[in-house]
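Given next are the chains, with one letter for each unit.
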Amino acid sequence: MEQWIALLCTLTLICHPRSASTQGLAAGSGVSCETEGEEVKVPGITDGCIRCRCENKEVKCERKSCPSLEGCYAILFDGPSGNCCEVCQGCRFNNRTMASGETWVDPDNKCSSLTCRAGTLTRSRTECYTPCKNPVFVPGKCCPICRGCQIEGRTFKEGDKFVSQKDKCANCECKDGTVTCRKRACPVLDCPADVIYTPEGECCPKCKGMRHVFLPSGLCLFRKKVYGHGKTIRPDQCTKCICQKGTVVCDRETCPVLTCPKTEAIQPEGSCCLRCPEKPRLNCTSGSKVYQHGERWNVDVCTECRCDDGSLRCRVQECNNALGCPKGYKLKFTPGVCCPQCVEVDAVCSVFGDPHYRTFDNHVYNFQGTCKYLLAQDCVGKMFSIRVRNNARRSNDFAWTQMITIDVDNRRISLHQYLEVKVDRRTVSLPHKDPRLFSIRLQGHSIVVKLNMGVELTWDGDSFLEVKVASTFKNRMCGLCGNYNGVADDDLTGKDGKRYQMAEDFGKTWRVGSSSACDKKATPRKMASPCTKDFRARLAAHLTCDILHQSVFAECRRKVKVAPYFRSCMTDVCDCPENKKCICEVLNAYSRACERAGVPVKWKHRLPQCDVPTCPKGAVYESCGSACTKTCENYKDKTPCTKPCVPGCQCPAGKVLHKNKCVRPKRCPR
């Protein structure tokens, strides 16, 4: 009889084919209809899983989506009538039918749980885990509780659910200031042993693949055999099963959570569970905390300790302090990581003086265009763009950066002279931020704009600008600052994709806007620099710029080439307007390049005029001015200022500071 049943089972374990005709009809019939939304019966479609409705005067048919049955080794050929999806076999127990995957607690025994999985019912006793010395037993609850939500060296918040560090099957919960832990038994699987696997980091094994079955009423299919009603099955030493009217009912012993390392556990004769030795291991005390034998914890990011039978054993990770990074990389300390790592440095583009440009790939060139230009842009993702507006100096051969415009996600930031900032064409006070996109603040004598995607601009309110972009933008940039691909030779690649030899030709390709954005003072007639014909003026410029060759920059010159900056200095000082501090801009650009190369330089004491900040419009710098700045908010307060004088920018008498400008009090908002 059993041989006949096994043969019958083998012959019926085949895939259930789908109808080819219904596959094509499910895509849509193209038949016209009248009543919008009405369900339509299409002749020839007998598959109950296909529903057709009237949409836009046409009949549209769709097949109902069914859940995945991966891992089910008991997919029924003869599923419930009216159900168009295939069904994994459920369980029948005590006159109750349960679906596969359902788990419930025995109402007569709170410590007994039942799980149905593909026609196999697993019944097990809940094994409690109490990681505290004095657990509290609560009436009506299976497992005792531990006071406080700090266990195994970890602290948890109210409502946290977590897995014990000692056993992946021990589930715990912090509730009402207490912790309850219980170990669940894994359901018995009906699939063959060669397709059973345990996913990494999970407690219970699963079946790989699926199988369709058809069995006469009352018979049970378990793994590769068919069993009659009342037959006993022993899958392993911890499990005993019996076939009951088509459902395999299994009683499985739940092993307790091991309080000792698995390598130290033993398996007593006749037991299916590992047990810890009867002789208790000693705990360890570190500070005010007590740790169990075998427990591990981190003292800090570099020190890991473990308790070894009462002895505290710690291991300190040692870092190579002599670690050197290749060019273009720097050491970075990451929170939570002991040793630093070499990471690619952010790329910096500098604009200063004439203007001179140092690209992201460290190519230095001069471009004196007096229009509006694209300085830097994410040309791949279009996440941001930065434009500059240049004006002429005394002659159209020399220019300077007058204004910067930053566009990011339909917001516009404009940086003007005298440290004035506008956002969406409205002047704002600093600090100012859009938490989603950017922040703007004053840092020393400069404005710093930080975009959240990894871009930072520094503007001195005059003509010095730095743009720093994260390494994630490598090979994505374009504009006057270059393409940021790690190669300096191709930085003069124009908007048209051509590589140019002359910076003037290259720069013109990145012009944006109409001719109205160009400086009208810049005439085609070229004016010679004062240094061209006047030897004394050239000598004076040389003496002024010679600070770059003096000892204060000696160490930096070994790492950062000084020649391009000296040439830029000569150009700027020769054509410098009276109100400009041209030497300061060059020295500031060179010193910042030194700092990025790891050689900070203190030079401003040599040229005190360079330490005077750019003041807001209408304000003047005073070495000893009032420490109580008058603004639109406080100018009516007549209390005398008792603080000592301080160096800084001051509005003239009769004016107050408002939105980075000196205005008369009558212009203050009410």
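Further up the page is the structure itself.
Below is a short write-up of the structure. Just so it is clear, the structure is predicted and the values come from calculations on it, not from any experiment.

### Remarks on the sheet that holds strand β32 (residues 356-358)
At step 1: If you trace the 8 strands from one edge of the open sheet to the other, you get β33-β32-β31-β44-β43-β42-β41-β40, paired in antiparallel fashion. With one partner strand each, in any of the chains shown, β33 (364-366) and β40 (432-434) form the two edges of the open sheet. The mean inter-strand angle of the sheet, taken between neighbouring strand axes irrespective of direction, is 15°.
At step 2: Bridge analysis of β40 against strand β41 (residues 438-443) gives 3 bridges, and the strand direction is antiparallel. Within β41, the residue paired with K433 across the bridge is S439.
At step 3: The sheet strands contacting helix α8 (residues 582-596) are β31 (347-352), β32, β43 (455-459) and β44 (465-469), and the helix crosses β31 at an angle near 170°.

### Here we look at a nonpolar patch on the surface
At step 1: Residues F535, L539 and L543 make up a contiguous nonpolar surface patch of about 350 Å² in total accessible area.
At step 2: By the secondary structure assignment, L543 is in helix α5 (residues 535-545).

### Notes on the packing of α5 against helix α7 (residues 563-574)
At step 1: The N-to-C vectors of α5 and α7 enclose an angle of 130°; their axes lie 9 Å apart at closest approach. Our classification of the angle between α5 and α7 gives oblique. Note that α5 runs across α7; the crossing there is right-handed. Judged by residue contacts, R538, A541, H542, T544 and C545 of α5 engage F566, C569, M570, V573 and C574 from α7.
At step 2: For the contact of α5 with α7, the per-class residue count stands at 7 nonpolar, 2 polar and 1 charged.

### Observations concerning the nonpolar core
At step 1: Counting 48 residues, the largest nonpolar core has F360, L375 and V469 as its most contacted members.
At step 2: Here this core gets 4 residues from one element, more than from any other, and that element is strand β34 (residues 372-378).
At step 3: The contacts of L375, once residues within four sequence positions are left out, are V351, Y357, I386, R387, V388, L465, V467, C478, G479, L480 and C481.

### Comments concerning the environment of V560
At step 1: Summarising the element assignment, V560 is placed in the loop between α6 (554-557) and α7.
At step 2: Along the primary structure V560 and V599 are separated by 39 residues, whereas in three dimensions their C-alpha atoms are 9.5 Å apart.
At step 3: In contact with V560, other than residues within four places in its own chain, are R358, Y565, Y590, A593, C594 and A597.

### Here's the deal with the packing of aromatic side chains
At step 1: Following the criterion strictly, the structure yields 10 aromatic pairs and no others.
At step 2: Centroid distance Y365 to F506: 5.6 Å. Interplanar angle 80°. Geometry classified as edge-to-face. Of this pair, Y365 sits in strand β33 while F506 sits in helix α3 (residues 503-508), placing them 141 residues apart in sequence. This pair shows no difference in class: Y365 is buried, exactly as F506 is.
At step 3: An aromatic cluster is built from F352, F553, Y565 and Y590, whose rings are joined through pairwise contacts.
At step 4: Over the aromatic face of W104 sits the side chain of R96, whose NZ or CZ is 5.1 Å from the ring centroid.

### Some remarks on α8
For an α-helix, 3.6 residues make a turn, and residues three or four places apart therefore share a direction.
At step 1: When the terminal C-alpha atoms of α8 are compared, their 22 Å separation across 15 residues agrees well with the 21 Å that a helix rising 1.5 Å per residue should span.
At step 2: Taken as a whole, α8 has its buried residues at C582, I583, C584, E585, V586, L587, N588, A589, Y590, S591, A593 and C594.
At step 3: The positive-phi residue at the C-terminal boundary of α8 is G598, with phi of around 90°.

### A word on the side chain of N390
At step 1: With respect to the helices and strands, the residue N390 is situated in strand β35 (residues 385-392).
At step 2: With relative accessibility at 0%, the residue N390 sits in the buried group.

### Examining the sheet that holds strand β27 (residues 303-308)
At step 1: Strand order in the open sheet formed by 3 strands is β26-β27-β28, with antiparallel pairing between adjacent strands. What marks the edges here is a single partner per strand, and that holds for β26 (296-300) and β28 (311-316). Strand-to-strand twist across the sheet, computed as the mean angle between neighbouring axes with direction ignored, equals 30°.
At step 2: Relative to β27, β26 is paired through 4 bridges, and the arrangement is antiparallel. Bridge pairing links D300 to T303 in β27.

Each value, and the rule that gives it
Residues numbered from 1 in each chain as written. Predicted model: local features only at pLDDT ≥ 70, side-chain atom pairs only at ≥ 80, totals over all residues. Heavy atoms only, no water. Pairing = 2+ DSSP bridges. Helix = DSSP H or I, 4+ residues; strand = E, 2+ residues; numbered from the N terminus. Axes fitted to C-alpha atoms, helices over the stretch in contact; angles between N-to-C directions. Contact = heavy atoms within 4.5 Å. Patch = residues over 30% accessible without salt bridge, like charges linked within 9 Å, V, L, I, M, F, W, Y side chains within 5 Å. Areas by Shrake-Rupley, 256 points an atom, 1.4 Å probe, with all protein chains shown as cover. Salt bridge = Lys/Arg side-chain N within 4 Å of Asp/Glu carboxyl O. Parallel < 35°, antiparallel > 145°, perpendicular 65-115°, else oblique. Left-handed = near helix turned anticlockwise from the far one by under 90°. Nonpolar A, V, L, I, M, F, W, Y, C, P; charged D, E, K, R; others polar. Core = buried A, V, L, I, M, F, W, Y, C linked by side-chain atoms within 4.5 Å. Buried < 20%, exposed > 50% of the residue type's maximum accessible area, 1.4 Å probe, protein only. Phe/Tyr/Trp six-rings, centres within 6.5 Å; stacked < 30°, edge-to-face > 60°. Lys NZ or Arg CZ within 6 Å of the ring centre and 35° of its normal. Expected span 1.5 Å × (residues − 1).

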